[in-house]
Amino acid sequence: MALIPKKTKFRKDQRRRTRGEACRGNYLVFGEYGLQCLECGWLKTNQIESARKAITHHLKRGGRIWIRVLADKTYTARPAETRMGSGKGAPVGFVAPVKRGKILLEIGGVTKDDAVEAVRLAGFKLPIKTRLVEKR
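Since the structure is predicted, the reported quantities are computational estimates derived from the model, not experimental observations.

Explanation requested: the nonpolar core in the structure shown.
Core analysis: the largest hydrophobic core is formed by 23 residues, its most contacted members being Leu 35, Leu 43, Ile 55, Val 98, Leu 104 and Ile 107. For this core, the secondary-structure elements that each account for two or more residues are strand E1 (33–37), helix H1 (45–58), strand E5 (90–98), strand E6 (103–108) and helix H2 (112–124). Those residues in contact with Val 98 that lie beyond four places of it in its chain are Thr 18, Cys 37, Glu 39, Cys 40, Gly 41, Leu 43, Val 69, Leu 104 and Ile 128.

What is the right way to look at unusual backbone geometry in this model?
With glycine set apart, most residues show a phi of negative sign, and most peptide bonds adopt trans. Phi at Lys 60 takes a positive value of approximately 50°, unusual for a residue other than glycine. Mapped onto the elements, Lys 60 comes out in the loop between H1 and strand E3 (64–67). Unusually for a residue other than glycine, Glu 81 sits at a positive phi of about 60°. Residue position: Glu 81 is located in the loop between strand E4 (73–77) and E5. Residue Glu 81 is classed as exposed on the basis of its relative accessible area, which comes to 85%.

Looking at this model, I keep getting lost on the packing of aromatic side chains. Mind explaining?
Remark: the centre distance and the inter-plane angle together describe each pair of aromatic rings, the angle taken between the planes. Enumeration according to the criterion identifies 1 aromatic pair in this entry. A ring pair is formed by Phe 30 and Trp 66, whose centres lie 5.8 Å apart and whose planes are at 15°; its orientation type is stacked. You can see Phe 30 sitting in the segment before E1 and its partner Trp 66 sitting in strand E3, a full 36 residues away along the chain. Of the residues examined, Trp 66 reaches a relative accessible area of 19% and is grouped as buried.

Any chance you could explain the sheet that holds E4 here in plain terms?
In any sheet, the strands associate via hydrogen bonds between backbone groups, in a parallel or an antiparallel arrangement. The 3 strands are arranged E2-E5-E4 in an open sheet whose pairing can be described as antiparallel. At either margin of the open sheet sits one strand with a lone partner, and together these are strand E2 (41–44) and E4. Adjacent strand axes in the sheet meet at a mean angle of 55°, parallel and antiparallel pairs treated alike. Direction of pairing for E4 relative to E5: antiparallel, over a ladder of 5 bridges. When the sheet's bridge partners are listed, Thr 74 is paired in E5 with Phe 94. Sitting on the sheet, H1 touches E2 and E5, and the angle it makes with E2 is about 70°.

Which parts of the structure should I look at to understand the environment of Pro 127?
If you trace the backbone, Pro 127 turns up in the loop between H2 and strand E7 (130–134). In this structure, the C-alpha to C-alpha distance between Pro 127 and Gly 25, residues 102 residues apart in sequence, is 19 Å.

Can you help me understand H2 in this one?
Note that an α-helix has 3.6 residues per turn; residues three or four places apart therefore point the same way. Taking 1.5 Å per residue, 13 residues should reach 18 Å; H2 reaches 19 Å between its end C-alpha atoms and fits that length. Turning to H2, its buried residues number three or more, namely Ala 115, Ala 118, Val 119, Ala 122 and Gly 123. Projected down its long axis, H2 carries its buried residues within an arc of 135°, all on one side. In H2, the exposed positions angled more than 90 degrees off the buried face are occupied by Asp 113 and Phe 124.

Got a minute to help me understand a nonpolar patch on the surface in this structure?
A cluster of nonpolar residues, Tyr 27, Val 29 and Phe 30, forms a patch on the protein surface that exposes about 320 Å² of accessible area. Among the secondary structure elements, Tyr 27 is positioned in the segment before E1.

Definitions and cut-offs
- Residues numbered from 1 in each chain as written.
- Predicted model: local features only at pLDDT ≥ 70, side-chain atom pairs only at ≥ 80, totals over all residues.
- Heavy atoms only, no water.
- Core = buried A, V, L, I, M, F, W, Y, C linked by side-chain atoms within 4.5 Å.
- Buried < 20%, exposed > 50% of the residue type's maximum accessible area, 1.4 Å probe, protein only.
- Helix = DSSP H or I, 4+ residues; strand = E, 2+ residues; numbered from the N terminus.
- Contact = heavy atoms within 4.5 Å.
- Phe/Tyr/Trp six-rings, centres within 6.5 Å; stacked < 30°, edge-to-face > 60°.
- Pairing = 2+ DSSP bridges.
- Axes fitted to C-alpha atoms, helices over the stretch in contact; angles between N-to-C directions.
- Expected span 1.5 Å × (residues − 1).
- Arc of directions from axis to C-beta.
- Patch = residues over 30% accessible without salt bridge, like charges linked within 9 Å, V, L, I, M, F, W, Y side chains within 5 Å.
- Areas by Shrake-Rupley, 256 points an atom, 1.4 Å probe, with all protein chains shown as cover.
- Salt bridge = Lys/Arg side-chain N within 4 Å of Asp/Glu carboxyl O.

Given below as structure tokens:
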């Protein structure tokens, strides 16, 4: 269940820089607990999916989960053992560029202990530092 766009305007995206703090999507909207990133980076579709699976598995399909990021940027790679030059590589997959403070996932309808453990397990699946946030 990879969250990717059906269609993109261009086949290959430019890299762009992802720095600074998120000014949108940086507070809880749907659930009581959330997974917030503490550094900038790219999240691949399989990393987002594995974090979702870790939460679902721990909660034993109880509660609700909202995924707040969408991998909508293509990234490219060159084949192994090719020489320098000869253009940009072919598109390999999709990534979600995230900034510091962005809420990645939200959980609702569970106890605090379950949410803490589920978010801890999901954080291990991601390549960036994360933390648990609560609704005030």
